[in-house]
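Here are the chains, one letter per residue:
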Amino acid sequence: MTTAPLPNRTRVLILLVAVLLLGGVGTGAVLWAADRSAERDRVQAGGPVVTPGPVSLRTPATRQLVVRNMAWGPHRDEIATVPADHPDGPRTSSGVQCLRFHAAAGTGICLQADRGAVQDTYRAVVLDDHLRELRSFPAAGIPTRSRVSPSGHLAAWTVFVSGDSYAGTNFSTRTSIVDVRDWNLRDNLETFDVIKDGKPYRAPDLNIWGVTFADDNTFYATVATGGQTHLVRGDLGARTLTTLHQNVECPSLSPDGTRVAYKKRAPGAPEDAPWRLYVLDLATMTETATAEQRNIDDQALWSDDGTLVYALPGDFGTDLWTVPADGSGAARRLMDSALAPAYLG
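Residues numbered from 1 in each chain as written. Predicted model: local features only at pLDDT ≥ 70, side-chain atom pairs only at ≥ 80, totals over all residues. Heavy atoms only, no water.

**Focus: the overall build of the chain**
Check the secondary structure of the chain and you find 1 helix and 27 strands. Looking at the 345 residues of the chain, the share that counts as buried comes to 47%. Nonlocal contacts in the chain, meaning residues at least 24 apart in sequence, comprise 43% of its contacts between residues at least 6 apart. When the accessible surface of the chain is summed, it comes to about 16,800 Å², and 53% of that surface belongs to carbon and sulfur atoms. (Helix = DSSP H or I, 4+ residues; strand = E, 2+ residues; numbered from the N terminus. Buried < 20%, exposed > 50% of the residue type's maximum accessible area, 1.4 Å probe, protein only. Contact = heavy atoms within 4.5 Å. Areas by Shrake-Rupley, 256 points an atom, 1.4 Å probe, with all protein chains shown as cover.)

**Observations concerning the sheet that holds strand β15 (residues 207-213)**
Taken in spatial order, the 6 strands line up as β14-β13-β18-β17-β16-β15 in an open sheet, and their pairing is mixed. Bordering the open sheet on either side are β14 (199-201) and β15, each of which pairs with just one other strand. Pairwise comparison of adjacent strand axes, ignoring direction, gives a mean angle of 35° for this sheet. Relative to strand β17 (residues 228-235), strand β16 (residues 218-225) is paired through 8 bridges, and the arrangement is antiparallel. Residue Thr-225 lies in a different strand from β17, and its bridge partner there is Gln-228. (Pairing = 2+ DSSP bridges. Axes fitted to C-alpha atoms, helices over the stretch in contact; angles between N-to-C directions.)

**Side note on the sheet that holds strand β19 (residues 249-253)**
With antiparallel pairing, 4 strands are arranged side by side in an open sheet as β19-β20-β21-β22. In the strand order of this sheet, the two ends are held by β19 and β22 (287-289), each with one partner. Each neighbouring strand pair of the sheet contributes to a mean axis angle of 30°, computed without reference to strand direction.

**Comments concerning the state of the cysteines**
Applying the stated rule across the entire model yields 1 disulfide. Covalent S-S linkage joins Cys-98 and Cys-110, the inter-sulfur distance amounting to 2.0 Å. On the S-S bond that ties Cys-98 to Cys-110, the torsion sits near -115°, and the link is left-handed. Here Cys-98, found in the loop between β4 (91-97) and β5 (100-104), pairs with Cys-110, found in strand β6 (residues 107-114); they are 12 residues apart in sequence, far enough to count as distant. The same class applies to Cys-98 and to Cys-110, which are both buried. (Disulfide = S-S within 2.5 Å.)

**Overview of the packing of aromatic side chains**
By the definition in use, this model includes 5 aromatic pairs. Note on Phe-137 and Trp-183: the rings are 6.3 Å apart at their centroids and 45° apart in plane angle, and the pair reads as tilted. One end of the pair, Phe-137, is in strand β8 (residues 133-139); the other, Trp-183, is in the loop between β11 (172-179) and β12 (184-186), and 46 residues separate them in sequence. Owing to a relative accessible area of 10%, Phe-137 belongs among the buried residues under this scheme. Here Phe-213 and Phe-219 contribute two aromatic rings whose centre-to-centre distance is 6.5 Å and whose plane-to-plane angle is 65°, an arrangement assigned as edge-to-face. The class for Phe-213 is buried, based on a relative accessible area of 7%. Taking the ring centre of Tyr-201 as reference, the NZ or CZ of Lys-196 above it sits at 5.4 Å. (Phe/Tyr/Trp six-rings, centres within 6.5 Å; stacked < 30°, edge-to-face > 60°. Lys NZ or Arg CZ within 6 Å of the ring centre and 35° of its normal.)

**Here we look at the confidence of the model for the chain**
Low pLDDT means the predicted atomic positions in that stretch should not be read closely. Model confidence for the chain is summarised by a mean pLDDT of 90, while 86% of its residues fall at 70 or above. Note that pLDDT drops below 50 for residues 29-35; the model gives that stretch 1 contact with residues more than four away or on any other chain. (pLDDT = per-residue confidence, 0-100.)

**Examining the pattern of salt bridges**
Applying the stated criterion across every chain yields a total of 18 salt bridges. When the shortest N-O distance is used, the salt bridge between Asp-129 and Arg-58 registers 2.7 Å. On the criterion of sequence distance, the pair formed by Asp-129 in the loop between β7 (121-127) and β8 and Arg-58 in the loop between β1 (50-52) and β2 (64-69) is long-range, its members being 71 residues apart. In this structure Asp-129 comes out as buried when scored by relative accessible area, which is 17%. Of the charged contacts in the structure, one is a salt bridge between Arg-132 and Asp-128, with a shortest N-O distance of 2.8 Å. By relative accessible area, Asp-128 is classed as buried at 12%. Look at the salt bridges and you will find they share partners, linking Arg-145, Lys-263 and Asp-297 into a network. (Salt bridge = Lys/Arg side-chain N within 4 Å of Asp/Glu carboxyl O.)

Next comes the structure, spelled out in structure tokens:
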């Protein structure tokens, strides 16, 4: 049986209806996305109280916690402060937006996005104690880690040059360190000499990320090569990176300089959520698992010599959690809707 072809007018009508339907679906999707974006600008019910005001990175009379405010509303993504002993209290928001942030001794490092019509670009901005820009440097990719040395003299940052996650193997990073006293920039730590297992080591697949400072010359970081990650001790003057321990990512040095907190790929963990939070004793190379059993994709921060602070996904972006560093106790929520913490004082 042969079906007669549809008249031209009918075919045109069907095509028109299809175009209108597709257009309606597309318009609906755009409107939904716009409404969702606008929702982030509205204060969430029961969320933190955030008000604009002056924010200083100077050592305060009473200890302060500085964070990237993630609470929905007009001050989302701005650097804000709360009293360190009252992290659930009202926040003072600076008006300065950062994707990643850290501060120490009156110096801040702020990783920012410049939103473009076609493509976003990024930059690393060094801030003074009043969050005023001192100097900025182009960043080669998506910001992911930042740290300031205890003296405030050095600032480091890591970006993804390609890829957007450490979980897989298809990514590339770029890590830089700048001395804010003379603006001497080490643009890419991959140019440093690597000493692996006591011998000079060269490989085309080096990736370096997660700097944490001991002082103005010595730092620790992660080096990935050959499918493995290593804790390395860096020497700025000698331009060397010396491997110390395997399966260490995003290290964070304790205030007393004796231990490193880090995320470790745990045996049997899912490929897309592989990390657990550990602490390494640098003298004995003994590892201690913390009581936190969830996947930690963050560079933890020491709030003191015995306590770690880190980020986990929350209802409105990211929340800060805390856990003892010695493996005891239990994880507890420290602060809702916050990221990139730094303690002042």
